[in-house]
Each structure stands twice: as C-alpha cells, then as structure tokens.
Amino acid sequence: MNAVRTLLEDHNHIVQEIEGGNDHGEDLHVLLTRDGRRTGHVLAIQVKSGRKYKRAKGYSIPIEDHYEDWKNSKIPVVGIVYDLEMRKLYWVNLTAALENAKGVVKRVSIPQASLLNSGAIPDFISAIESYIDSTGMRLREFTLEEAFAAVSRALDGLDPNNVPNPLFEGWAELLFRHEHRAKRVARFILQTCPLFLLASLLVYEWPYQVRYVKNYTDLSPVLTVGSLYIFISWMTLTIFFELRAGRRPEETGNWLIAVCGLYLWIPVMDDEGRGSEWMGEALVVSSVLISHFGLLTLLTFYIKREVARKKRRST
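Along each chain, the written sequence defines residue order, and numbers are assigned to residues from 1. Where local features are concerned, this predicted model is filtered to residues with pLDDT of at least 70; where side-chain atom pairs are given and counted, the filter is 80 or more; whole-chain, interface and lining totals use all residues. Think of the side-chain values as coming from all heavy atoms in the structure, minus any hydrogens and water.

A. Local environment of the overall build of the chain. A run of H or I in DSSP counts as a helix once it spans at least four residues, and a run of E counts as a strand once it spans at least two, with each numbered from the N terminus. When helices and strands are counted, the chain shows twelve helices and nine strands. Counting only residues that meet the buried cut, the chain has 40% of its 315 residues in that class. When checking whether two residues touch, look at their non-hydrogen atoms; a contact exists if any pair is within 4.5 Å. Partitioning the contacts of the chain with sequence separation of at least 6, the portion at a separation of at least 24 is 63%. By element, 59% of the accessible surface of the chain is carried by carbon and sulfur atoms, the whole surface being about 19200 Å². Classification of residues uses two cut-offs on accessible area relative to the type maximum, computed with a 1.4 Å probe and protein chains only: under 20% is buried, over 50% is exposed, and between them is partly exposed. Surface accessibility in these figures is a Shrake-Rupley result with a 1.4 Å probe; residues are shielded only by whichever protein chains are displayed.

Here is the structure:
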C-alpha cells in the first residue's frame, strides 16, 4: 500500500487509507486531481502482494466473497498486485472485469502489460476517468470530507445526491467526455453573441435609416447608411479582437456606444420625418463625416499600434 500511495501522491492525487479495508475488499480511496483541482473521479483500490498472486503469464486477484461488492460498486474498484521481487505494480479494473465476465468468476487475471508506474500513470488515469464518465459514477462533492463521505456511501449503494436524471444524463455524459471542447465552444459563443446581436439590430434598423436619409436630404441613402454601418462594424470587430487578445479598448468602446446611441435610435423614433428639417439634415451630414473621419482615425491608430508592437517583438 505504501508503494501505491507514494506513486499516486507523487502525481498529486489524494489517497485515503481505509481502516479494516481487507474485510470489505478495499484498502484505499483515491480522489483524482488535475492541475491541483479535484475532478470528481473517485476509485477504490484493493492491494495484494506475494508469490501466490503471481501466474505464469502475469498475475491474478482472487474474488473470494467480494464478487457482489466489486461488481455492483458505484465507484470502480481497482485491483493492484505488487511484485515484491521486481518491485513493480500491476493493475486491473475489477468492477469492469466482473461486469464483462461470463459465468462464475473466481479470479481476475492481470496481464504483465498492465504495469503501473510513473510513465503509465497518464494512461491509467485516462482509462479510469473514461470508465467513470461512461458509467455515470462521477461525484459532485467539492470538499474533501464530503467527497470521501460520498465514496463510503457509494460503496454501500448509490448516493441519492448522485442518482442520475435520465432526462439529462445523456447530455451530461456527452459534456463530460468533451469538457474542454465544450468550454471553448461556450467561450466562443459568449464572445460572438454581441456581434450577432448588433448585426441583427443593424439589419432591423436598415429601412428606418434609409427612410430617414430620404426624408431630410438628397444624399444617396445606401451610401450614407452604408458608410455608418461600415464604421460601426469596424469598431465592433476591433473591440472583439482586442478582447480576445486580452486588452480592453475602452476608448473604442465609448465611441461605439456614442455613435450607436446617437444615430441608431433617432431614425426609428422619427420614422415619418416629422422632426425639425435642419436637425434631421445635420444628423445625416454629421453621420457621413463621423463615419469617414472616424474610420480613418480608427485604422490609423490601430495600424500604428500594430507596427510598434511588431517592432518591439523583432528587437
């Protein structure tokens, strides 16, 4: 057990020894971790050592009176044999082996290829986590005490707090299998939602903007509104990519809010052209000037910043 504990703790996993574990068929409880955080993957370990567990082509663990306990366990029970002469560990998933066995089973074999050492730990952890996720055994407790308490309850029967909801279990299993990819997709959706919302607003606004230009000036509605939309789009994309780079473009954000607040709501409120003639014309003309000079300023500022950044990287 010391060899198993040392190996797992050297890889930052949390190990708890079970008092009187041999009576119940488990010697250790293990909480798996990743980057210093508990993942919710928990297993029990039965440790054996001695010549009687060695076979011609590997090792084996006797089932004795633990068949029902190991097969029906709500967390995986792993068997590990320690070869005293070679000072090596070999492992098998006892719960999975008994589930897949046909007929009466008295021993579970462990091939010599199932070596457990520092180099094999990543594959061991991956195999256990995949088995736990595929069978819905993952625990949800967050504190160490709650997690170990849940393990003890799970060995006697499924913890009511962890009974799966069949309506959502399939979705949860899919998310757990692709957790990192799902987080990336969720982050991308959160980043792009404002873009889609603004694009939808501009599409909705288009006929109001065109009518407003026609009501108060002789300028081309398409070119006038188009220049405003291009300026707004450039500011939005600039903010999007600056945020992805980890920078907060507050000035550009303030300009975007000001431009949208000034030029997007008035055409909707004054759809029939009943406002002041000179104010309507002034608003349209100013939108053209701000769109052209604003876009030129935006491009000049950020291109100069990228040139300066490139120079710093090259030196």
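Following the structure, the description resumes.
B. Molecular detail of the packing of aromatic side chains. Whether two aromatic rings pair depends on their centres lying within 6.5 Å, for rings of Phe, Tyr and Trp, where Trp uses its six-membered ring; planes under 30 degrees apart make the pair stacked, over 60 edge-to-face, and the rest tilted. According to the stated counting rule, one finds seven aromatic pairs in the structure shown. When the centroid spacing of 4.7 Å and the interplanar angle of 85° are considered together, the rings of Trp 91 and Phe 124 count as edge-to-face. Taken together, the residues span a long stretch of sequence, with Trp 91 in strand β7 (residues 88-93) and Phe 124 in helix α5 (residues 121-135) at a distance of 33 residues. Of the two residues examined, Trp 91 and Phe 124, each falls in the buried class. Both rings, one in Tyr 212 and one in Tyr 216, keep their centres 4.8 Å apart while their planes meet at 50°; by these two values the pair is tilted. Note that Tyr 212 and Tyr 216 are positioned in helix α8 (residues 179-216) at a spacing of four residues, about one turn of the helix. Exposure class is identical for Tyr 212 and Tyr 216. Each is buried. Here, a charge over a ring is recorded when the distance from Lys NZ or Arg CZ to the ring centre is within 6 Å and its angle to the ring normal is within 35 degrees. Above the face of the Tyr 208 ring, Arg 211 is positioned so that its terminal group lies 5.2 Å from the ring centre.

C. Seen up close, the sheet that holds strand β6 (residues 77-83). Paired strands, in this sense, are two strands between which DSSP finds at least two bridges. Read across the open sheet, the six strands follow the order β1-β2-β3-β6-β7-β9; overall the sheet is mixed. Of all strands in the sheet, those with a lone pairing partner are β1 (14-17) and β9 (115-116), marking the two edges. Two elements, β7 and β9, share two bridges in a ladder whose sense is antiparallel. Paired with Leu 89 across the two strands is Leu 116, which belongs to β9. Lying on the sheet, helix α1 (residues 2-10) is in contact with β1, β2 (28-34), β3 (37-49), β6, β7 and β9; it crosses β1 at an angle near 155°. Fitting a line to C-alpha atoms yields each axis, with helices limited to the stretch in contact; the angle taken between N-to-C directions then spans 0 to 180 degrees.

D. Spotlight on the pattern of salt bridges. Take a side-chain nitrogen of Lys or Arg and a carboxyl oxygen of Asp or Glu: if they are within 4 Å of each other, that pair is a salt bridge. One pass over the full model with this rule turns up eight salt bridges. Ionic pairing is found between Arg 34 and Glu 129, a salt bridge with its closest N-O pair at 2.9 Å. Of this pair, Arg 34 sits in strand β2 while Glu 129 sits in helix α5, and the two are 95 residues apart along the sequence. Among the ionic pairs, Arg 247 bridges to Glu 242, the shortest N-O distance being 3.0 Å. The network of salt bridges with shared partners includes Arg 5, Glu 9 and Glu 17.

E. Here's a closer look at helix α10 (residues 250-263). Given the number of residues in a helix, its expected span is that number minus one, multiplied by 1.5 Å. Helix length check: α10 (14 residues) gives 20 Å between terminal C-alpha atoms against 20 Å at 1.5 Å per residue, within 8%. Each element contacted by the buried residues of α10 is listed here: α8, α9 (221-244), α11 (266-269) and α12 (277-314).

F. View of the confidence of the model for the chain. In this model, the chain carries a mean pLDDT of 85, and residues with pLDDT of at least 70 account for 89%. Per-residue confidence from the prediction method is given by pLDDT, with values spanning 0 to 100. Helix α2 (residues 21-24) is the least confidently modelled element of the chain, averaging 53 in pLDDT, while β7 averages 95, the highest of any element.

G. Just the packing of α9 against α12, in detail. It is at 9 Å that the axes of α9 and α12 come closest, and there the two elements cross at 30°. In terms of axis orientation, α9 runs roughly parallel to α12. When the axes of α9 and α12 are compared, the crossing they make is left-handed. Judged by residue contacts, Thr 224, Ser 227, Leu 228, Ile 230, Phe 231, Trp 234, Met 235, Thr 238 and Glu 242 of α9 engage Val 284, Ser 287, Val 288, Ile 290, Ser 291, His 292, Gly 294, Leu 295, Leu 298, Leu 299, Tyr 302 and Arg 305 from α12. Classifying every residue of the contact of α9 with α12 gives twelve nonpolar, seven polar and two charged. These descriptions rest on fixed angle ranges, namely under 35 degrees for roughly parallel, over 145 for roughly antiparallel, 65 to 115 for roughly perpendicular, and the rest for oblique. If you view the pair so one helix is near and one far, a crossing is left-handed when the near helix is turned anticlockwise from the far one by less than a right angle, and right-handed when it is turned clockwise. Each residue gets one of three labels, nonpolar for Ala, Val, Leu, Ile, Met, Phe, Trp, Tyr, Cys and Pro, charged for Asp, Glu, Lys and Arg, and polar for the others, Gly among them.

H. Fine view of the environment of Met 86. Among the structural elements, Met 86 can be located in the loop between β6 and β7. For Met 86, a relative accessible area of 38% puts it in the partly exposed group. Here Met 86 is in contact with Lys 54 and Tyr 59, once residues within four sequence places are set aside.

I. Focus on the sheet that holds strand β5 (residues 58-62). Strand order in the open sheet made by the three strands is β4-β5-β8, with antiparallel pairing throughout. Strands at the two margins of the open sheet, each flanked by one partner only, are β4 (54-55) and β8 (107-111). As paired elements, β5 and β8 share five bridges and run antiparallel to each other. Paired with Pro 62 across the strands is Arg 107, a residue of β8.

J. Structural context of unusual backbone geometry. Unlike most non-glycine residues, Asn 12 shows phi in positive territory, near 70°. Within the secondary structure, Asn 12 is located in the loop between α1 and β1. Residue classification places Asn 12 among the exposed residues on the basis of a relative accessible area of 58%. Not every positive phi belongs to a glycine, and Arg 87 is a case in point at roughly 55°. Following the sequence through the fold, Arg 87 ends up in the loop between β6 and β7.

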